[in-house]
Amino acid sequence: MTGKATLALPASQSSATAILYLYRMKTGTKVTAELRAATCSQTGSLIAPMPSFTTTSGGTWRDRLVSSGAGLRNLKAALAKDSPMSVRGTVGGQKFCAGFALQ
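Computed from a prediction, not measured in an experiment: that's the story for all the values here.

This structure, assessed with the given rule, holds one salt bridge. Ionic pairing is found between R36 and E34, a salt bridge with its closest N-O pair at 2.9 Å. For R36, a relative accessible area of 11% puts it in the buried group.

Turning to the side chain of R88, a few remarks are in order. The topology assignment puts R88 in strand β6 (residues 86-91). No salt bridge is formed by the buried R88; its nearest oppositely charged neighbour, E34, is found at 5.1 Å. Within the local environment of R88, its side chain forms a polar contact with the backbone oxygen of Q42, the two atoms lying 2.7 Å apart. With residues up to four places along the chain from it excluded, the contact list for R88 reads T32, A33, E34, R36, A38, T39, C40, Q42, T43, F96 and C97.

Attention now moves to the nonpolar core. Counting residues in each nonpolar core, the largest one holds 21 residues, and the members touching the most others are L20 and I47. When contributions to this core are tallied by element, the ones reaching two or more residues are β2 (16-23), β3 (30-37), β4 (45-54), α1 (69-80) and β6.

Strand pairing in a sheet relies on backbone hydrogen bonds. The paired strands run either parallel or antiparallel. Taken in spatial order, the four strands line up as β4-β3-β6-β7 in an open sheet, and their pairing is antiparallel. At either margin of the open sheet sits one strand with a lone partner, and together these are β4 and β7 (94-99). When strand polarity is set aside, the average angle formed by the axes of neighbouring strands in this sheet is 15 degrees. Both β6 and β7 contribute to a ladder of six bridges, which runs antiparallel. When the bridges of β7 are listed, V87 appears paired with A98. Packing of α1 onto the sheet brings it into contact with β3 and β4, and relative to β4 it is tilted by some 130 degrees.

The rules we used
- Residue positions are given per chain, counted from 1 along the sequence in the order it is written.
- For a predicted model such as this one, the threshold for reporting local features is a pLDDT of at least 70, and the threshold for listing and counting side-chain atom pairs is 80 or more; totals across whole chains, interfaces and linings nevertheless cover every residue.
- Computation of side-chain values: all heavy atoms of the structure, hydrogens and water removed.
- Salt bridges are counted wherever a side-chain nitrogen of Lys or Arg sits within 4 Å of a carboxyl oxygen of Asp or Glu.
- For every residue, the accessible area (1.4 Å probe, protein chains only) is compared with the maximum for its type, and the residue is labelled buried under 20%, exposed over 50%, or partly exposed between those bounds.
- Secondary structure elements follow DSSP: runs of H or I no shorter than four residues count as helices, runs of E no shorter than two count as strands, and numbering proceeds from the N terminus.
- The convention is simple: Lys and Arg are positive, Asp and Glu are negative, and His and the chain ends are not counted.
- What qualifies as a polar contact is a pair of N or O atoms within 3.5 Å, subject to a donor-acceptor requirement within protein and to the restriction that residues adjacent in sequence count only when both atoms come from side chains.
- Should any heavy atoms of two residues lie within 4.5 Å, those residues are considered in contact.
- Here, the term nonpolar core denotes a set of buried Ala, Val, Leu, Ile, Met, Phe, Trp, Tyr and Cys residues that are joined through side-chain atoms within 4.5 Å.
- Any two strands between which DSSP finds at least two bridges are classified as paired.
- Lines fitted to C-alpha atoms define the axes here, with helix axes fitted over just the stretch in contact, and angles between the N-to-C directions of these axes take values from 0 to 180 degrees.

Purely spatial values, then, with no claim about function.
Structure (structure tokens):
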């Protein structure tokens, strides 16, 4: 499995978009993920869960989470504290984590 994740917060700060792409997975693989205010070595706090799914064919997943409400408030609070952020989850029985670099 390989993949990448992006997180964007437009200047308007009225919503945020997290996109997670995962490749090279078997058909029928269950995937869960969440956006957290922490590095991969820390537990940190939950910003927002991403919708879970099971791969159908091709083994590729692209998930887009548009945060508003509590998720957006949690994201803004993490940014205000300069908290590191990561997306972590489970693919089949394997755990994964990827940190975000601010740009």
